[in-house]
Amino acid sequence: MRAIGIVLAGGNNSRMRELSNKRATAAMPIAGGFRSIDFVLSNMSNSHIQKVAVFTQYNAKSLNEHLNSSKWWDFGRKQGGLYVFTPTTTPENSYWYRGTLDAMAQNLSFLKNSHEPYVVIASGDGVYKMDYNKVLEFHIAKKADFTVVTADVTDKDDPSRFGVLRVDGEGRITDFEEKPINAETSTVSTGVYIVRRRMLIELIEKSMQEERYDFVKDILIRYKNVKKIYAYPMDSYWSNISSVDSYYNTNMDFLNKDIRDYFFRQYPDIYSKVEDLPPAKYNVGSNVKNSLVSSGCIINGTVENSILFKEVYIGNNCTIKNSIILNDVYIGDNTHIENCIVESRDTIRANTNYTSEDGKIRIVVEKNERYAL
């Protein structure tokens, strides 16, 4: 593909509540054995983008460890590759990334030293499949300056969490408002953009001179009436996980066989870092219904409509319903958990009860965790 990739994975998000205390949103576990960033990296690889930069910043330890090798996504063997950029103090600059545009500016040499004519920019917190080649073909056919991939979130999510768009009959974006108080349309930006590389470099350099640091506000919105910005509508599954409710609902979507098959049994594949773990073990007395159970789990109790991530231990006479249990959790005997997300590395004492209050998803974070993520 005639493009390089940039994945924006550095932001902090208060909507994730306690879940963001350990990790970046892009490192959040998804569907048992994956992380959020796996989906965009797989899309890049499947679109034959061989040179990809990931900008990390907030709570980046686990994310950087996950990205320790490009082999999992099969990026450039002799040319290209996977590049992970974190903020670096230099004699000229002592700032952390002050925004998405500043992250690109501080690593402008990545863009300048590349030769591909286009750039695909994507956020690391989206769960979807996409062939970016089709978006690029649309971009070229429209002679667009920018192309924004859009989705309709009617009856699924709150549009005010996103950039809300208005599009005319030809597909050109006529209005763009970032996280409005009241969203007047349900058409939102998915955080996927295509732009010509040389134009992006020029706009970044100009924005830095004016001390403007946000890609959406200071380029897309600011230039919406100057540049030709088009919308490319996505007609397949897309979800953004950057709130507790959306993270919970996205994982629960994978209990739907059609969605599971779409991601994991239909070409192209979704790739992730592989760990050598034993298969799940179901002991006498276990009872599992409509759940995803990952490698390394040991189950002695009842699990219904739930997702168990890697190396989870469920004790005797336990009941887990409508819940997400993250990696490496020990749940003691006679424990009841319902409508909860249990943080990774936790030890849940025996004979305890955790349920949600007022329909709000409860996050269980025990202080007696065995070790940090």
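Residues numbered from 1 in each chain as written. Predicted model: local features only at pLDDT ≥ 70, side-chain atom pairs only at ≥ 80, totals over all residues. Heavy atoms only, no water.

Once that is clear, we can look at the overall build of the protein. On a plain count of helices and strands, the protein comes out with nine helices and 28 strands. Judged by the C-alpha coordinates and their principal axes, the protein covers about 65 × 45 × 40 Å. Across the 373 residues in the protein, those meeting the buried criterion constitute 55%. Long-range contacts, defined here as pairs at least 24 residues apart, represent 60% of the contacts in the protein between residues at least 6 apart. (Helix = DSSP H or I, 4+ residues; strand = E, 2+ residues; numbered from the N terminus. Buried < 20%, exposed > 50% of the residue type's maximum accessible area, 1.4 Å probe, protein only. Contact = heavy atoms within 4.5 Å.)

Throughout the structure, instances matching the rule amount to 15 salt bridges. Taking the shortest distance from any N to any O, the salt bridge between Asp-102 and Arg-98 comes out at 3.1 Å. A relative accessible area of 2% places Asp-102 in the buried class. Salt bridges here are not isolated pairs; linked through shared partners, they connect Glu-210, Arg-212, Asp-218 and Arg-222. (Salt bridge = Lys/Arg side-chain N within 4 Å of Asp/Glu carboxyl O.)

Taken in spatial order, the five strands make up an open sheet running β14-β17-β20-β23-β26, and their pairing is parallel. Of all strands in the sheet, those bounded by a partner on one side alone are β14 (281-282) and β26 (347-348). Taken together, the two bridges between strand β20 (residues 313-314) and strand β23 (residues 330-331) define a ladder with parallel strand orientation. Bridging from a neighbouring strand, Ile-314 pairs with Ile-331 of β23. (Pairing = 2+ DSSP bridges.)

Moving on, we come to the environment of Asp-152. Take Asp-152: it is sitting in strand β8 (residues 146-152). When the C-alpha atoms of Asp-152 and Trp-238 are compared, they prove to be 9.2 Å apart, with 86 residues separating the residues in sequence.

Let us now look at the packing of aromatic side chains. In this description, an aromatic ring pair is defined by two values, namely the gap between the centres and the angle between the planes. Overall, the coordinates contain 19 aromatic pairs when judged by the stated rule. A centroid spacing of 5.6 Å and a plane angle of 90 degrees characterise the contact between Tyr-237 and Phe-263, whose relative ring orientation is edge-to-face. Taken together, the residues Tyr-237 in the loop between β12 (229-233) and β13 (238-240) and Phe-263 in helix α9 (residues 257-264) connect sequence positions 26 residues apart. With respect to burial, Tyr-237 and Phe-263 carry one shared label: buried. Ring centres 5.3 Å apart and planes at 45 degrees place the aromatic pair Phe-254 and Phe-263 in the tilted group. The residues Phe-254 and Phe-263 share a single accessibility class, namely buried. Over the ring of Trp-72 we find Lys-71, and its NZ or CZ is 4.7 Å from the ring centre. Above the ring of Tyr-262, the side-chain terminus of Lys-129 is found at 5.2 Å from the ring centroid. (Phe/Tyr/Trp six-rings, centres within 6.5 Å; stacked < 30°, edge-to-face > 60°. Lys NZ or Arg CZ within 6 Å of the ring centre and 35° of its normal.)

Attention now goes to the environment of Arg-212. If you trace the backbone, Arg-212 turns up in the loop between α6 (197-209) and α7 (215-221). On the basis of relative accessibility, which here comes to 29%, the residue Arg-212 falls in the partly exposed class. Residues Arg-212 and Asp-261, spaced 49 residues apart in sequence, show a C-alpha to C-alpha distance of 43 Å. If we skip the residues at most four places from it in the chain, Arg-212 touches Leu-101, Ser-207, Asp-218 and Arg-222. At a separation of 3.1 Å, a polar atom in the side chain of Arg-212 contacts the side chain of Glu-210. (Polar contact = N/O pair within 3.5 Å; in protein donor to acceptor, adjacent residues only side chain to side chain.)

It is worth spelling out the sheet that holds strand β21 (residues 319-321) at this point. Spatially, the five strands line up as an open sheet ordered β15-β18-β21-β24-β27, and their pairing is parallel. The sheet is open, and its two edges are formed by β15 (287-289) and β27 (353-355), each paired on a single side. Averaged over neighbouring strand pairs, the angle between their axes works out to 5 degrees when direction is ignored. As defined by bridge partners, β15 adjoins strand β18 (residues 302-304) across three bridges and the pair is classed as parallel. (Axes fitted to C-alpha atoms, helices over the stretch in contact; angles between N-to-C directions.)

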